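Descriptive structure summary
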Protein chains: 2
Amino acid sequence: MTETAQYEELMRQLGAVGVVRRQLDRSLPDGCSSGTAVVLGLLDRGGEMRIGRLAELLAVDMSVTSRHVAHLAELGWVDRSPDPSDRRSRILRLTPEGRARLVELSESTAQLLAQGLCDWSADDVRQLTRLLSRLRAGFADLCPEEEMPAGRPAEPVFARTPSFTM
Amino acid sequence: MTETAQYEELMRQLGAVGVVRRQLDRSLPDGCSSGTAVVLGLLDRGGEMRIGRLAELLAVDMSVTSRHVAHLAELGWVDRSPDPSDRRSRILRLTPEGRARLVELSESTAQLLAQGLCDWSADDVRQLTRLLSRLRAGFADLCPEEEMPAGRPAEPVFARTPSFTM
DNA sequence: TATTGTTATACTCTATAACTATA
DNA sequence: TATAGTTATAGAGTATAACAATA
């Protein structure tokens, strides 16, 4: 198989990820998408941060992030308090309600993933995660982005990944 | 790291695939998306087929497939000829123009992937492709789907993958 | 003048449902 | 009556650009 063919196949499989994501999304409660869960997860892992920082971590435009956060704020899952050091910005924080929802969403997703990956070893899962992380990093280099901060203020719902960050 | 945390991390990385896809899409010429390229690739690998079959392979609704194909037909990249055995259906075929475009698209994508994955070994690429294929298969089982046919009529632009099919 | 964030608009991809033609 | 495909409509996600407030 030529190199180009291998890349073509990879591209096809990357597209297939959308299929899995849509299926996971369908299983989530009410107005929750996997996108919602990822935002909550980043706020949980990264602690309080501003919109710009969140947009960097999500690797989407700030305008997109702004709308997602506005939605989560309406739901009462994210709190936006004024940033005393820069009045243009607001500081985002997971509310207790948001944290509770994150646990719920994570468990729901984990259950479905466990079902779809029932014949996977823990190492398979780790390996796929690591390769995807590397993939993302390779393309982030083409369009630079920062890393997650080393320290974080609040207790995360789940343990952080030490070897690679989103 | 708990199992749930590992799944949560996997979900996050699956979301990050969208970032890579969008970046690949931006590099494609005029009205081409990676979706377009995948349709052309499937028609190249699978030979002539009907809309329903293509929708299965893409794992999206037939209505979605219908519109994509209509677009490609307008561009002259896909030909829709009447199916003599069932006048409700039409048979889809890659046109020479479509095949030429596929080569172009594949090379363009391969070039960008090669750039983003410059520090990857060929085996890394294969492994990621294989794991994604397994991931998709695991979820396809929850919502069953068929495999690609063994034989195919036309010369494919690229070699087929023997061990796993989309 | 530059930066942070928000809003308006548009585009893509997707699904559901109604519809046509044929089996 | 059921099936293959198309079209209409709606929803989610994203990007660009114009804008407001502040640095």
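Presented here is a report on the structure given in the accompanying data block. Keep in mind it's a predicted model, so treat the numbers as computed, not measured.

Of the two same-sequence chains, chain B is brought onto chain A (RMSD 0.1 Å, axial shift 0.0 Å) by a rotation of 180 degrees. In symmetry terms, the pair is related by a two-fold rotation axis. Taking C-alpha positions as reference, the residue of chain B nearest the rotation axis is L128(B), located at 3.3 Å.

A separate point is the environment of L54(B). Residues and elements named next belong to chain B. Looking at the element boundaries, L54 is found in helix α3 (residues 51-58). Its relative accessible area of 0% is what places L54 among the buried residues. In sequence terms L54 and D119 are 65 residues apart; their C-alpha atoms lie 35 Å from each other. Non-local contacts of L54, meaning those with residues more than four positions away in its chain, are made with V39, L42, M49, T65, V69 and L92.

With that settled, consider the environment of G35(A). By the element assignment, G35(A) lies in helix α2 (residues 34-46). Considering only alpha carbons, one finds G35(A) and R88(A), 53 residues apart in sequence, at a separation of 25 Å.

Among the 21 residues in the neighbourhood of DNA strand C, the closest are listed as S66(A), R88(A), S89(A), R90(A) and S33(B). Of all atoms in DNA strand C that approach within 4 Å of the protein, 62% are sugar or phosphate atoms. Residue R88(A) places a side-chain N or O atom 2.3 Å away from a base oxygen belonging to DNA strand C. Side-chain polar atom of S33(B) to a phosphate oxygen of DNA strand C: 2.7 Å apart, as the coordinates give it. Going through the elements one at a time, α3 (51-58) and α4 (62-75) of chain A together with α4 (62-75) of chain B are the ones with two or more residues in the surface near DNA strand C. For the surface near DNA strand C, the element with the highest residue contribution is α4(B), accounting for four residues. Grouping the constituent residues of the surface near DNA strand C by class yields four nonpolar, seven polar and ten charged.

Next up on the list: the packing of aromatic side chains. For the coordinates displayed, the defined rule picks out zero aromatic pairs over all chains. In this arrangement the basic side chain of R134(B) is found over the ring face of W120(A), its NZ or CZ atom lying 4.5 Å from the centre.

Here we take up the protein's contact with DNA strand D. Around DNA strand D sit 21 residues in total, of which R67(A), S66(B), R88(B), S89(B) and R90(B) are the nearest. The sugar and phosphate moieties of DNA strand D supply 62% of its atoms located within 4 Å of the protein. With respect to DNA strand D, the backbone of I51(B) contributes an N or O atom lying 3.4 Å from a phosphate oxygen. Contact distances for DNA strand D include 2.3 Å between a base oxygen and a side-chain N or O atom of R88(B). Secondary structure elements with two or more residues in the surface near DNA strand D: α4 of chain A together with α3 and α4 of chain B. With four residues, the top contributor of residues to the surface near DNA strand D is α4(A). When its residues are assigned to classes, the surface near DNA strand D shows four nonpolar, seven polar and ten charged.

With that out of the way, let us pick up unusual backbone geometry. Trans peptide bonds make up most of the peptide bonds, and negative phi angles are found at most residues other than glycine. Residues and elements named next belong to chain A. The phi dihedral of A59 is positive, around 60 degrees, even though this residue is not glycine. In this fold, A59 is placed in the loop between α3 and α4. Residue A59 is classed as buried on the basis of its relative accessible area, which comes to 17%.

Turning our attention to the interface of chain B and chain A. Listed by partner, the interface residues are 62 residues for chain B and 62 residues for chain A. Around 6,400 Å² of area is buried between chain B and chain A when both sides are counted, 72% of it from carbon and sulfur atoms. A salt bridge links E9(A) to R45(B); its shortest N-O distance comes to 3.4 Å. Inspection of the chain B/chain A interface yields ten residue pairs in polar contact (both at pLDDT 80 or more). Put simply, the parts of the chain that give the side of chain B that touches chain A at least two residues each are α1 (3-27), α2 (34-46), α5 (96-116) and α6 (122-141) of chain B. Broken down by element, the side of chain B that touches chain A gets its largest block of residues, 20 residues, from α1(B).

Attention now goes to the environment of A100(A). One can find A100(A) in helix α5 (residues 96-116). Each C-alpha atom of the pair A100(A) and V19(A) lies 27 Å from the other, and the pair is 81 residues apart in sequence.

The rules behind these values
- Residues numbered from 1 in each chain as written.
- Chains lettered and ligands numbered in written order.
- Predicted model: local features only at pLDDT ≥ 70, side-chain atom pairs only at ≥ 80, totals over all residues.
- Heavy atoms only, no water.
- Least-squares fit on C-alpha atoms with pLDDT ≥ 70 in both.
- Helix = DSSP H or I, 4+ residues; strand = E, 2+ residues; numbered from the N terminus.
- Buried < 20%, exposed > 50% of the residue type's maximum accessible area, 1.4 Å probe, protein only.
- Contact = heavy atoms within 4.5 Å.
- Near = heavy atom within 4 Å.
- Polar contact = N/O pair within 3.5 Å; in protein donor to acceptor, adjacent residues only side chain to side chain.
- Nonpolar A, V, L, I, M, F, W, Y, C, P; charged D, E, K, R; others polar.
- Phe/Tyr/Trp six-rings, centres within 6.5 Å; stacked < 30°, edge-to-face > 60°.
- Lys NZ or Arg CZ within 6 Å of the ring centre and 35° of its normal.
- Buried area = accessible area lost by both parts, 1.4 Å probe.
- Salt bridge = Lys/Arg side-chain N within 4 Å of Asp/Glu carboxyl O.

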